[in-house]
Amino acid sequence: MKKSNIIMGVTFLIAVGMIAKAFILNEDVKVFLLIFFAVGAGLGLLRLFVNSSIKKMKGKGWKSKVLFFGVLLGLGLPFQSWFRKNVLLSIDSAYLISSIMIMVIGVLFMTTCFGFISNKINAKSVTG
């Protein structure tokens, strides 16, 4: 079994376990866990998009590369600053650790999940 499949399975089980525990015990953090898992999954998709876009930059002119990274940083840095100040620093410290954990788990899960899906699609396109 590949490492990526193991990571995908483990992260999925951890996420489901954390969210299920929060709902079963009716903890207040359950809404934050769902939101931060979705944010983590979105960050995983963004990471995949940026990595594939950077790979496509080979052979492009320097102006298009500067424009790409300018737009990326122009959008990314203000959002990161807002997220850090208005979300992470204003959240209750009791919820912070589990929220960050589930966000990292969401990033790992989505990254490995899309890698798994793309491998399946590529395998089908080669054979059929």
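Predicted, not measured: the structure shown is a model, and the values here were computed from it.

Peer 1: Is there a simple way to think about the overall build of the protein in this case?
Peer 2: Looking only at helices and strands, the protein features four helices and zero strands. In sequence order, the protein lays out its α and β elements as α-α-α-α. In terms of C-alpha radius of gyration, the protein reaches 18 Å, well past the compact-globule figure of 14 Å for 128 residues. Counting only C-alpha atoms, the protein reaches 55 × 40 × 20 Å along its principal axes. Looking at the protein residue by residue over its 128 residues, the buried ones come to 25%. Look at the contacts in the protein between residues 6 or more apart in sequence, and 74% of them connect residues 24 or more apart. Taken as a whole, the protein presents about 9,000 Å² of accessible surface, with 73% of it coming from carbon and sulfur.

Peer 1: Even after reading the chapter, I still don't get the pattern of salt bridges, so can you show me in this structure?
Peer 2: A side chain with one charge can pair with a side chain of the opposite charge if their charged atoms come near. Under the definition given, this model contains one salt bridge. Between E27 and K21 there is a salt bridge, with the nearest N and O atoms lying 3.0 Å from each other. Assessed through its relative accessible area of 44%, K21 is described here as partly exposed.

Peer 1: Would you take a moment to explain the side chain of T111 for this structure?
Peer 2: In this structure, T111 sits in helix 4 (residues 93–127). Separated by 2.7 Å, the side chain of T111 and the backbone oxygen of V107 make a polar contact. Ignoring anything within four residues of it in the chain, the contact list for T111 reads G44, R47 and L48.

Peer 1: Explanation requested: the packing of helix 2 (residues 30–56) against helix 4 in the structure shown.
Peer 2: How two helices pack is summed up by the angle between their axes together with the distance between the axes. Closest axis-to-axis distance for the helix 2/helix 4 pair is 7 Å, and the angle between their directions is 40 degrees. Judged by the inter-axis angle, helix 2 sits oblique to helix 4. Note that helix 2 runs across helix 4; the crossing there is right-handed. Contact with helix 2, carried on its side by F32, L33, F36, F37, V39, G40, A41, L43, G44, L45, R47 and L48, involves Y95, S98, S99, I102, M103, I105, G106, V107, F109, M110, T111 and F114 of helix 4 and no other residues of that element.

Peer 1: Could you clarify how one ought to interpret the nonpolar core in this entry?
Peer 2: Considering soluble globular proteins, one finds that nonpolar side chains tend to be buried as a cluster. One finds M18, V29, L33, F36, F83 and I102 to be the most contacted residues of the largest nonpolar core, which totals 14 residues. Those elements that provide at least two residues to this core are helix 1 (3–24), helix 2, helix 3 (62–88) and helix 4. If we skip the residues at most four places from it in the chain, I102 touches A15, M18, I19, L33, F36 and F37.

Peer 1: Any chance you could explain a nonpolar patch on the surface here in plain terms?
Peer 2: On the surface, L45, F114, F116, I117 and I121 cluster together to form a nonpolar patch covering roughly 410 Å² of accessible area. By relative accessible area, I117 is classed as partly exposed at 35%.

Peer 1: What is the right way to read helix 1 from this model?
Peer 2: Residues that lie three or four places apart on an α-helix share one face, since the helix turns once every 3.6 residues. The terminal C-alpha atoms of helix 1, which comprises 22 residues, lie 31 Å apart, in line with the 32 Å expected from a rise of 1.5 Å per residue. For helix 1, the complete set of buried residues consists of M8, T11, A15, M18, I19 and A22. The buried residues of helix 1 all sit within an arc of 110 degrees when viewed along its axis, so they share a single face. In helix 1, the exposed positions angled more than 90 degrees off the buried face are occupied by L13 and I24. Tucked inside the fold, the buried residues of helix 1 contact helix 2 and helix 4. Among the residues trailing helix 1, N26 stands out with phi positive, at a value near 50 degrees.

Parameters and conventions
- The residue numbering used here restarts from 1 in each chain and proceeds along that chain's sequence as written.
- Per-residue local features of the predicted model are confined to residues with pLDDT of at least 70, and side-chain atom pairs are confined, for both listing and counting, to 80 or more; whole-chain, interface and lining totals are unaffected and use all residues.
- Processing note: side-chain calculations cover all non-hydrogen atoms of the structure and skip hydrogens and water entirely.
- To qualify as a helix, a DSSP run of H or I must reach at least 4 residues; to qualify as a strand, a run of E must reach at least 2; elements of each kind are numbered from the N terminus.
- Each radius of gyration reported is based on C-alpha atoms, and the globular scaling rule is 2.2 Å times the count of residues to the power 0.38.
- The cut-offs for exposure are 20% and 50% of the maximum accessible area for each residue type, with area from a 1.4 Å probe on protein chains only; residues under the lower value are buried, those over the upper are exposed, and the others partly exposed.
- Whether two residues are in contact is decided by their heavy atoms: any pair within 4.5 Å suffices.
- Working definition of accessibility: Shrake-Rupley area with a 1.4 Å probe, residue cover restricted to the visible protein chains.
- Salt bridges are defined as contacts in which a side-chain nitrogen from Lys or Arg sits within 4 Å of a carboxyl oxygen from Asp or Glu.
- Between N or O atoms, a polar contact is any pair within 3.5 Å; within protein, one atom must be a potential hydrogen donor and the other a potential acceptor, and residues adjacent in sequence are included only when both atoms are from side chains.
- Angles here are taken between N-to-C directions and fall from 0 to 180 degrees, while the axes themselves are lines fitted to C-alpha atoms, restricted in helices to the stretch in contact.
- Any angle that falls under 35 degrees is termed roughly parallel, while one over 145 is termed roughly antiparallel, one within 65 to 115 roughly perpendicular, and all others oblique.
- Here a crossing is called left-handed whenever its near helix is offset anticlockwise from the far helix by less than a right angle, and right-handed whenever the offset is clockwise.
- Here the nonpolar core consists of buried residues drawn from Ala, Val, Leu, Ile, Met, Phe, Trp, Tyr and Cys, with membership extended through side-chain atoms lying within 4.5 Å.
- For patch detection, residues must exceed 30% relative accessible area and be free of salt bridges, and they are connected within 9 Å for like charges or within 5 Å for nonpolar side chains (Val, Leu, Ile, Met, Phe, Trp, Tyr).
- Each residue after the first adds 1.5 Å to the expected span of a helix.
- In this description, one arc is meant: the one made by directions from the helix axis to the C-beta atoms.

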